[in-house]
Amino acid sequence: TRAYFRSFVDVERLLTIFTQIDTSEKELRREEAEKLEPKIQLAKRAVVKLMKTWCGLIYLTADPNGLRSLVSALEQPVRVEIKNAIFEIFMSLLSNKSDSYEEDKIKNSNIKSFNT
């Protein structure tokens, strides 16, 4: 997939949903909010997938408009939904969920304790 990925162009396009600054504090209409939510969710999942791989992490940190712009968007006047999505990205990356290795380790220790 790296052959199809244009690093500076595609990263910027991916992060656009998070870095669009609101010029006014108007409330979103229901139709606009319904259109915005799926875009935020897709972009959020794509950023998390990128940041969980070495190549994606390098793409996001090498681009001057990459990870730095995502973090600085928290200081900008963006919508609350977008700020929450950015926080969810970092929480999903930093959360300490048990992965398959830990689950296998627990299962093996349970089997050993039952055999003794």
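See the structure above.
The present account deals with the structure reproduced in this document. Source: prediction; values computed, not measured.

Side note on the overall build of the protein
Thought 1: Broken down by element type, the protein carries 6 helices and 0 strands.
Thought 2: Counting from the amino terminus, helix and strand elements in the protein follow one another as α-α-α-α-α-α.
Thought 3: Out of the 116 residues in the protein, the part that is buried amounts to 26%.
Thought 4: At a minimum sequence separation of 6, the contacts of the protein that also span at least 24 residues come to 69%.
Thought 5: When the accessible surface of the protein is summed, it comes to about 9000 Å², and 56% of that surface belongs to carbon and sulfur atoms.

Concerning the packing of helix α2 (residues 30-51) against helix α5 (residues 80-94)
To describe two helices that pack against each other, one gives the angle between their axes and the distance between the axes.
Thought 1: Remark: α2 packs on α5, axes separated minimally by 10 Å, with the N-to-C direction vectors making an angle of 30°. Our classification of the angle between α2 and α5 gives roughly parallel. The way α2 lies across α5 gives a crossing that is right-handed. Along its contact with α2, which presents Ile40, Lys44, Val47, Val48 and Met51, the element α5 presents Glu81, Ile82, Ala85, Glu88, Ile89, Ser92 and Leu93.

Digging into the packing of α2 against helix α3 (residues 54-62)
Thought 1: Running from N to C, α2 and α3 cross one another at 110°; their axes reach a closest spacing of 6 Å. Between α2 and α3, the interaxial angle falls into the category roughly perpendicular. Every residue of α3 that contacts α2 at Val47, Leu50 and Met51 is listed here: Gly56, Leu57 and Leu60.
Thought 2: Of the residues that constitute the contact of α2 with α3, the class distribution is 5 nonpolar, 1 polar and no charged.

Focus: the pattern of salt bridges
Thought 1: On inspection of all chains with the given rule, the structure shows 1 salt bridge.
Thought 2: The closest approach of N and O atoms between Lys44 and Glu88, which form a salt bridge, is 2.3 Å. With Lys44 in helix α2 and Glu88 in helix α5, this residue pair connects regions lying 44 residues apart in the sequence.

Some words on the nonpolar core
Thought 1: If you look at the biggest cluster of nonpolar residues, it comprises 22 residues, and the most contacted ones within it are Leu15, Phe18, Ile40, Val47, Leu60, Leu70 and Ile86.
Thought 2: Looking at this core, the elements that each hand over two or more residues are α1 (7-19), α2, α3 and α5.
Thought 3: The dominant element in this core, judged by the number of residues it contributes, is α2, at 7 residues.
Thought 4: Apart from the residues within four sequence positions on either side, Ile86 is in contact with Phe18, Leu70, Ala73 and Leu74.

A few points about α3
Thought 1: The complete set of buried residues in α3 reads Gly56, Tyr59 and Leu60. One face of α3 carries all of its buried residues, which in axial projection span an arc of 90°. When the buried face of α3 is taken as reference, the exposed residues oriented beyond 90 degrees from it are Trp54 and Ile58.

Here we look at the environment of Val47
Thought 1: Within the secondary structure layout, Val47 lies in helix α2.
Thought 2: Among all residues touching Val47, those that are not within four sequence positions of it are Leu14, Leu15, Phe18, Leu60, Leu70 and Ile89.

Quick look at the environment of Ser72
Thought 1: Note on placement: Ser72 falls in helix α4 (residues 67-72).
Thought 2: Residues Ser72 and Thr19 lie 53 residues apart in sequence; the distance between their C-alpha atoms is 8.5 Å.

Rules behind the numbers
Residues numbered from 1 in each chain as written. Predicted model: local features only at pLDDT ≥ 70, side-chain atom pairs only at ≥ 80, totals over all residues. Heavy atoms only, no water. Helix = DSSP H or I, 4+ residues; strand = E, 2+ residues; numbered from the N terminus. Buried < 20%, exposed > 50% of the residue type's maximum accessible area, 1.4 Å probe, protein only. Contact = heavy atoms within 4.5 Å. Areas by Shrake-Rupley, 256 points an atom, 1.4 Å probe, with all protein chains shown as cover. Axes fitted to C-alpha atoms, helices over the stretch in contact; angles between N-to-C directions. Parallel < 35°, antiparallel > 145°, perpendicular 65-115°, else oblique. Left-handed = near helix turned anticlockwise from the far one by under 90°. Nonpolar A, V, L, I, M, F, W, Y, C, P; charged D, E, K, R; others polar. Salt bridge = Lys/Arg side-chain N within 4 Å of Asp/Glu carboxyl O. Core = buried A, V, L, I, M, F, W, Y, C linked by side-chain atoms within 4.5 Å. Arc of directions from axis to C-beta.

Purely geometric stuff here, so don't read any function into it on its own.
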